[in-house]
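Each chain is listed here by its residues.
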Protein chains: 2
Amino acid sequence: MTTATARAHPNIAFIKYWGNASDALRLPVNPSISMNLDGLYAETTVTWDEALPADTLRLNGKDEAGPALERVQRHLHAVRQHLRLTQYARVVSHNNFPTGTGIASSAAAFAALTVAAAGASGQAVPERALSTLARLGSGSAARSVPAGFVRWFTGDSHETSYAESFAAPDHWALVDVIAIVSDQHKATGSQEGHPTAPTSDLQAARVAGAAARFELCQQAILARDFDTFAEVVERDSNLMHAVMMTSRPPLFYWLPATLALMAAVRRWRAEGLRVCYTLDAGPNVHCICIREDADQVRERLWQHSGILEVRRATVGGGAALVNAG
Amino acid sequence: MTTATARAHPNIAFIKYWGNASDALRLPVNPSISMNLDGLYAETTVTWDEALPADTLRLNGKDEAGPALERVQRHLHAVRQHLRLTQYARVVSHNNFPTGTGIASSAAAFAALTVAAAGASGQAVPERALSTLARLGSGSAARSVPAGFVRWFTGDSHETSYAESFAAPDHWALVDVIAIVSDQHKATGSQEGHPTAPTSDLQAARVAGAAARFELCQQAILARDFDTFAEVVERDSNLMHAVMMTSRPPLFYWLPATLALMAAVRRWRAEGLRVCYTLDAGPNVHCICIREDADQVRERLWQHSGILEVRRATVGGGAALVNAG
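Because the structure is a prediction, the values reported are computed rather than measured.

Rules behind the numbers
- Residues numbered from 1 in each chain as written.
- Chains lettered and ligands numbered in written order.
- Predicted model: local features only at pLDDT ≥ 70, side-chain atom pairs only at ≥ 80, totals over all residues.
- Heavy atoms only, no water.
- Domains from an automatic or database assignment.
- Contact = heavy atoms within 4.5 Å.
- Buried area = accessible area lost by both parts, 1.4 Å probe.
- Salt bridge = Lys/Arg side-chain N within 4 Å of Asp/Glu carboxyl O.
- Polar contact = N/O pair within 3.5 Å; in protein donor to acceptor, adjacent residues only side chain to side chain.
- Helix = DSSP H or I, 4+ residues; strand = E, 2+ residues; numbered from the N terminus.
- Nonpolar A, V, L, I, M, F, W, Y, C, P; charged D, E, K, R; others polar.
- Buried < 20%, exposed > 50% of the residue type's maximum accessible area, 1.4 Å probe, protein only.
- Pairing = 2+ DSSP bridges.
- Axes fitted to C-alpha atoms, helices over the stretch in contact; angles between N-to-C directions.
- Expected span 1.5 Å × (residues − 1).
- Least-squares fit on C-alpha atoms with pLDDT ≥ 70 in both.
- Phe/Tyr/Trp six-rings, centres within 6.5 Å; stacked < 30°, edge-to-face > 60°.
- Parallel < 35°, antiparallel > 145°, perpendicular 65-115°, else oblique.
- Left-handed = near helix turned anticlockwise from the far one by under 90°.

### Details of the domain arrangement of chain A
How large an interface is tends to be reported as the accessible area lost when its parts come together.
All names here are of chain A.
Part 1: For chain A, the domain assignment lists domain 1 (2–170) and domain 2 (174–314).
Part 2: Contact residues are listed per partner, giving 40 residues for domain 1 and 49 residues for domain 2.
Part 3: When domain 1 packs against domain 2, close to 3300 Å² is buried across both sides, 66% of that on carbon and sulfur atoms.
Part 4: The interface formed by domain 1 and domain 2 includes one salt bridge.
Part 5: Lys 16 is the salt-bridge partner of Asp 280, the closest N and O atoms lying 2.8 Å from each other.
Part 6: Linking domain 1 with domain 2 are 11 residue pairs in polar contact (both at pLDDT 80 or more), by the criterion used here.
Part 7: Counting residues per element, the side of domain 1 that touches domain 2 draws most heavily on strand β2 (residues 11–15), which supplies five residues.
Part 8: Considered class by class, the residues forming the side of domain 1 that touches domain 2 number 21 nonpolar, 13 polar and six charged.

### Some thoughts on helix α3 (residues 127–137) of chain B
Residues and elements named next belong to chain B.
Part 1: By the criterion of burial, α3 is predominantly enclosed, with eight of the 11 residues buried.
Part 2: Taken residue by residue, α3 has Leu 130, Ser 131, Thr 132, Leu 133, Ala 134, Arg 135, Leu 136 and Gly 137 as its buried positions.
Part 3: Lining the buried residues of α3 we find β4 (27–28), α1 (67–83), α2 (105–121), β10 (149–152) and β11 (163–167).

### Overview of the sheet that holds strand β14 (residues 285–290) of chain A
Residue and element names in this part refer to chain A.
Part 1: The antiparallel open sheet is built from four strands, whose spatial order is β13-β14-β12-β15. The sheet is open, and its two edges are formed by β13 (275–278) and β15 (309–314), each paired on a single side. Each neighbouring strand pair of the sheet contributes to a mean axis angle of 25°, computed without reference to strand direction.
Part 2: As paired strands, β13 and β14 are joined by four bridges and run antiparallel to one another. The partner of Cys 276 across the bridge, within β14, is Ile 288.
Part 3: Across the sheet, helix α7 (residues 226–245) touches β12 (174–180), β13 and β14, and the angle it forms with β13 is around 20°.
Part 4: Across the sheet, helix α8 (residues 256–270) lies against β12, β13 and β14, angled at about 155° from β13, the strand it touches most.

### Thoughts on α8(A)
Residue and element names in this part refer to chain A.
Part 1: The terminal C-alpha atoms of α8 lie 22 Å apart, and with 15 residues this matches the ideal 21 Å at 1.5 Å per residue to within 8%.
Part 2: All of the buried residues in α8 are Ala 257, Thr 258, Leu 259, Leu 261, Met 262, Ala 264, Val 265 and Trp 268.
Part 3: Note on α8: the residue one or two positions beyond its end, Gly 272, has a positive phi of about 115°.

### So, the side chain of His158(A)
All names here are of chain A.
Part 1: Looking at the element boundaries, His 158 is found in the loop between β10 (149–152) and β11 (163–167).
Part 2: A polar contact of 3.2 Å, which involves the side chain of His 158, links it to the side chain of His 82.
Part 3: Separated by 2.8 Å, the side chains of His 158 and Arg 135 make a polar contact.
Part 4: With near-sequence residues (within four places) excluded, His 158 lies in contact with Leu 25, Leu 27, His 82, Thr 132, Leu 133, Arg 135 and Leu 136.

### Regarding the environment of Ala13(B)
Residue and element names in this part refer to chain B.
Part 1: Within the fold, Ala 13 resides in strand β2 (residues 11–15).
Part 2: Through-space distance from the C-alpha of Ala 13 to that of His 286 is 9.9 Å; in sequence the pair is 273 residues apart.
Part 3: Apart from residues lying up to four places away in sequence, Ala 13 is in contact with Ile 33, Ser 34, Arg 143, Thr 278 and Asp 280.

### What to know about the relation of the copies chain B and chain A
Note: a rotation about an axis with an accompanying shift along it relates these two copies of the chain.
Part 1: Mapping chain B onto chain A leaves a residual RMSD of 0.0 Å; the transformation is a rotation of 180° accompanied by 0.0 Å of translation along its axis. With respect to symmetry, the two chain copies, as superposed, fit the operation of a two-fold axis. For chain B, the smallest separation between a C-alpha atom and the rotation axis is recorded for Pro256(B), amounting to 2.0 Å.
Part 2: Of all interface residues in chain B, 100% are interface residues in chain A too; the two copies therefore contact each other through one and the same surface.

### Brief notes about the packing of aromatic side chains
Residue and element names in this part refer to chain A.
Part 1: Following the criterion strictly, the structure yields 17 aromatic pairs over all chains and no others.
Part 2: Arranged with centres 4.8 Å apart and planes meeting at 65°, the rings of Tyr 17 and Trp 152 form a pair that is edge-to-face. Here Tyr 17 is found in the loop between β2 and β3 (20–22), whereas its partner Trp 152 is found in strand β10, with 135 residues between them in sequence. An identical accessibility class is assigned to Tyr 17 and Trp 152; each is buried.
Part 3: When the ring of Phe 153 is compared with that of Phe 214, the centres are 6.4 Å apart and the planes differ by 50°; the resulting orientation is tilted.

### Remarks on the packing of α7(A) against α8(A)
All names here are of chain A.
Part 1: Contact pair α7 / α8: the axes reach a minimum separation of 13 Å and the direction vectors enclose 165°. Considered as vectors, α7 and α8 are oriented roughly antiparallel to each other. Taken as a pair, α7 and α8 cross one another with a handedness that is left-handed. For the pair α7 and α8, the contacting residues are Phe 226, Ala 230, Glu 234 and Asn 238 in the first and Met 262, Val 265, Arg 266 and Arg 269 in the second.
Part 2: Each residue belonging to the contact of α7 with α8 can be placed in one class, and the counts come to four nonpolar, one polar and three charged.

This is the structure we're talking about:
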């Protein structure tokens with residue numbers, strides 16, 4: 001019986017992942033860029049135990065059955081294959097942030113699960129392999145493995161589709177001030193959403209421009225050029241939601257408060273605040289700003305109606321073992 | 001001195017016009033479909049007067065100078081060329097509905113202006129020529145010339161880009177229940193918006209699918225097939241706004257109330273009401289419904305917050321002379 005505990009942060013994408021070249025392998029149709037969100041995390045303990053008749057999952061204090069357990073079991077099956085293990089695992093996990101509301105909980109969950117599972121095996125698994133493995137559980141989990149500012153190449157096979165850091169957490173003092181406008185679990189999760197992407201007449205055009213936006217965003221981050229960064233980040237978010245809203249059937253993740261905040265952020269930037277918005281597959285508005293302006297942004301957000309909560313995250317490190325047994 | 005008065009209705013597009021192949025000639029990049037809105041109208045009197053030193057415009061009781069007058073003068077210049085006239089004109093016009101808030105006021109205005117100007121000339125100008133002429137003043141004005149359900153072919157020259165009726169007003173008892181959520185003049189009018197369309201990465205894909213949506217919509221109207229109609233009308237509206245929101249700079253016409261009403265309309269349809277939404281370049285929500293369901297739709301709209309006014313229009317006739325002097 002061997003055990004390990006790992007923590008991983010969720011990440012917020014600046015260049016979005018939407019749509020798979022292979023749903024089974026979660027190979028994305030376009031490269032993406034993200035930063036990890038410090039302070040928010042999933043913490044997961046994996047115990048490989050020869051006495052277990054099947055994998056078990058305890059999530060936020062509750063023993064899980066059904067779809068949540070099955071998804072973890074499928075992932076552990078893949079991990080076993082790659083690490084040549086035979087035991088089943090006991091998985092105990094909790095998040096310190098709500099799930100399913102636009103903060104990518106599955107990314108942190110599968111990054112932590114993968115790193116804990118590998119750690120508990122006693123094998124030294126390189127970061128790149130951990131990223132590819134995490135990807136099998138949830139595409140964007142590949143990006144929660146490396147630290148700081150992260151790029152995920154599409155690749156064309158399991159081995160070549162991985163994420164890596166291109167700038168350390170302290171490279172640029174960005175802050176994600178997250179306006180929570182709904183705590184409802186979203187109607188259509190990312191995993192069910194990705195397969196709908198090709199049903200939009202606009203997806204091919206979004207994908208065709210993604211490499212250029214990826215380059216522009218990466219260069220803007222490396223040069224700490226906020227104006228360029230803000231323009232491409234908002235545009236990329238709008239493009240993904242344009243695809244979602246024109247899929248068949250359409251996926252609308254924006255709530256009225258979402259739209260109001262997007263307009264407010266554009267106005268604040270025109271007034272001189274260094275802030276831009278981006279949205280994942282959910283209604284909450286991630287206000288990405290320069291650290292000096294984060295307090296202003298938070299104050300202004302609270303003056304808006306429809307805000308349930310405001311969270312703040314700086315740039316986070318990679319997924320890492322907390323201890324190993 | 002000869003005079004004539006014409007009335008024309010605004011129209012609501014089911015397959016949208018967005019983007020020009022020629023801005024000067026207002027040749028659209030895709031074909032479109034609309035219905036005229038009965039009850040709403042522009043009424044315009046044109047007097048060709050040899051004693052006038054220049055064209056004049058009185059709009060809703062106010063003598064106009066500046067951009068509004070200049071746009072009418074440019075249009076009258078084109079009308080003079082096509083009708084081989086030499087006099088200047090006195091134009092007196094009024095709308096019975098507010099301008100610049102998502103009901104296409106310029107369509108009704110330039111259709112009425114064109115028909116009155118031709119009528120006052122004493123020449124018998126065929127409807128097709130009136131439609132092409134009206135198009136020069138405002139693209140969608142081409143569609144306010146013919147009656148009922150109207151299709152506008154792109155054409156590839158001034159003469160070949162015209163609209164014509166493909167079903168009479170009494171063909172299908174559709175009602176446009178218009179939820180007015182803002183009476184502010186929009187920040188970017190259609191005329192300035194069209195040239196921005198190619199700056200969106202998504203416009204080419206929207207245009208590429210337009211002919212298929214045009215066919216589907218036309219067949220649905222001819223067959224009075226509301227389900228097919230609703231799906232393609234909402235999708236086409238979403239596609240146009242997707243292009244707008246991803247233009248550089250982005251154009252956001254939706255207000256929070258707009259988004260809430262769009263979601264409500266989709267919900268009502270799922271519950272069995274025969275209603276769908278479409279939006280022009282503005283925040284107001286056109287709820288297109290079967291006549292039997294229009295009262296229900298109106299009642300439900302009034303239960304929503306953020307509604308300033310609800311208007312109702314059935315299918316209207318074409319632009320026509322009221323009297324000729």
